[in-house]
Amino acid sequence: MYTSWLSNFSVYCDNLSVYYICMILLSFLAVFLTWWLQDTDRKQVEDVENDNEEANDHTEMTDNESILSQIKISRQKAIAEQLSAGLTEEQLQQEKETERKQLEAIFQLLKEQEDKFHVNSMEELEDQLRLYRR
């Protein structure tokens, strides 16, 4: 049986032309390259899409954060204006004095733990406070 298969295979190989063998090899090469390049292109497209989505998400987050911060700032200003509109001049002075005393107490606490908080002066504390007030 083995010899009959081998003899049939040798007859088949003798009848193959070089052109036919080259075309089969070329076809396999074309299929392989198409598969490989398609897989590479798909990965590149996915990477570009992921990068674009991340950039869009970051832009949306930045826009949303800026809108939210503007809303918070305007809300704080409106509340401060409402509170100050209902106060007399004497009450406003008393409010400022209370705020100054509270800042001094906070500064003393920060000074006691200077190695943690690194606040060296009252001006530095007021500068940091201005960041939150705007």
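Quick notes on the rules
- Residues numbered from 1 in each chain as written.
- Predicted model: local features only at pLDDT ≥ 70, side-chain atom pairs only at ≥ 80, totals over all residues.
- Heavy atoms only, no water.
- Helix = DSSP H or I, 4+ residues; strand = E, 2+ residues; numbered from the N terminus.
- Buried < 20%, exposed > 50% of the residue type's maximum accessible area, 1.4 Å probe, protein only.
- Areas by Shrake-Rupley, 256 points an atom, 1.4 Å probe, with all protein chains shown as cover.
- Core = buried A, V, L, I, M, F, W, Y, C linked by side-chain atoms within 4.5 Å.
- Contact = heavy atoms within 4.5 Å.
- Patch = residues over 30% accessible without salt bridge, like charges linked within 9 Å, V, L, I, M, F, W, Y side chains within 5 Å.
- Salt bridge = Lys/Arg side-chain N within 4 Å of Asp/Glu carboxyl O.
- Phe/Tyr/Trp six-rings, centres within 6.5 Å; stacked < 30°, edge-to-face > 60°.
- UniProt positions renumbered as here; feature names shortened; annotations may be inferred.
- Expected span 1.5 Å × (residues − 1).

### Points about the overall build of the protein
- Within the protein, the regular secondary structure consists of 5 helices and 0 strands.
- Along the chain direction, N to C, the helices and strands of the protein fall in the order α-α-α-α-α.
- Across the 134 residues in the protein, those meeting the buried criterion constitute 5%.
- For the protein, the exposed area adds up to about 12300 Å²; of that, 58% sits on carbon and sulfur atoms.

### So, the nonpolar core
- Membership of the largest hydrophobic core is limited to 6 residues, which are Leu 103, Phe 107, Leu 110, Val 119, Met 122 and Leu 125.
- Contributing elements (two or more residues each) for this core: helix H3 (89–112) and helix H5 (122–133).
- Among the elements that take part in this core, H3 stands out by supplying 3 residues, more than any other.
- When residues no more than four places from it in sequence are discounted, the contact partners of Val 119 are Phe 107, Leu 110, Glu 114, Glu 124, Leu 125 and Gln 128.

### Things to note about a nonpolar patch on the surface
- Together, Trp 5, Leu 6, Phe 9, Tyr 12, Tyr 20, Ile 21, Ile 24, Leu 25 and Phe 28 make up a nonpolar patch on the protein surface, roughly 970 Å² of accessible area in all.
- At the level of elements, helix H1 (2–15) and helix H2 (18–85) are the ones that each hand at least two residues to the nonpolar patch.
- Among the structural elements, Tyr 12 can be located in helix H1.
- Residue Tyr 12 is classed as partly exposed on the basis of its relative accessible area, which comes to 46%.

### Concerning the packing of aromatic side chains
- As enumerated under the stated definition, the model contains 1 aromatic pair in all.
- Residues Phe 32 and Trp 35 carry aromatic rings whose centres are separated by 6.0 Å and whose planes lie at 40° to one another, so their mutual orientation is tilted. Here Phe 32 and its partner Trp 35 are both found in helix H2, 3 residues apart, which amounts to about one turn of the helix.
- Take Phe 32: its relative accessible area is 44%, and that puts it in the partly exposed class.
- By relative accessible area, Trp 35 is classed as exposed at 52%.

### Let's talk about the UniProt feature "transmembrane region" (unreviewed entry) in the protein
- Those places that UniProt annotates as "transmembrane region" (unreviewed entry) correspond, in this numbering, to residues 16–37.
- Taken end to end, residues 16–37 is 91% helix and 0% strand, and its first and last C-alpha atoms sit 31 Å apart.

### What to know about the pattern of salt bridges
- One pass over the structure, following the stated rule, counts 3 salt bridges.
- The salt bridge involving Glu 97 is made with Arg 100; its shortest N-O contact spans 2.3 Å. Here the residue Glu 97 and the residue Arg 100 both occupy positions in helix H3, the gap between them amounting to 3 residues, near one helical turn.
- What makes Arg 100 partly exposed here is its relative accessible area of 38%.
- Glu 104 is paired through a salt bridge with Arg 100; the nearest N and O atoms lie 2.4 Å apart. Of this pair, Glu 104 and Arg 100 both sit in helix H3, 4 residues apart, which is roughly one turn of that helix.

### Thoughts on H3
- Given a rise of 1.5 Å per residue, 24 residues ought to cover 34 Å, and the 35 Å separating the end C-alpha atoms of H3 matches this to within 8%.
- Residues Leu 103, Phe 107 and Leu 110 constitute the buried set of H3.

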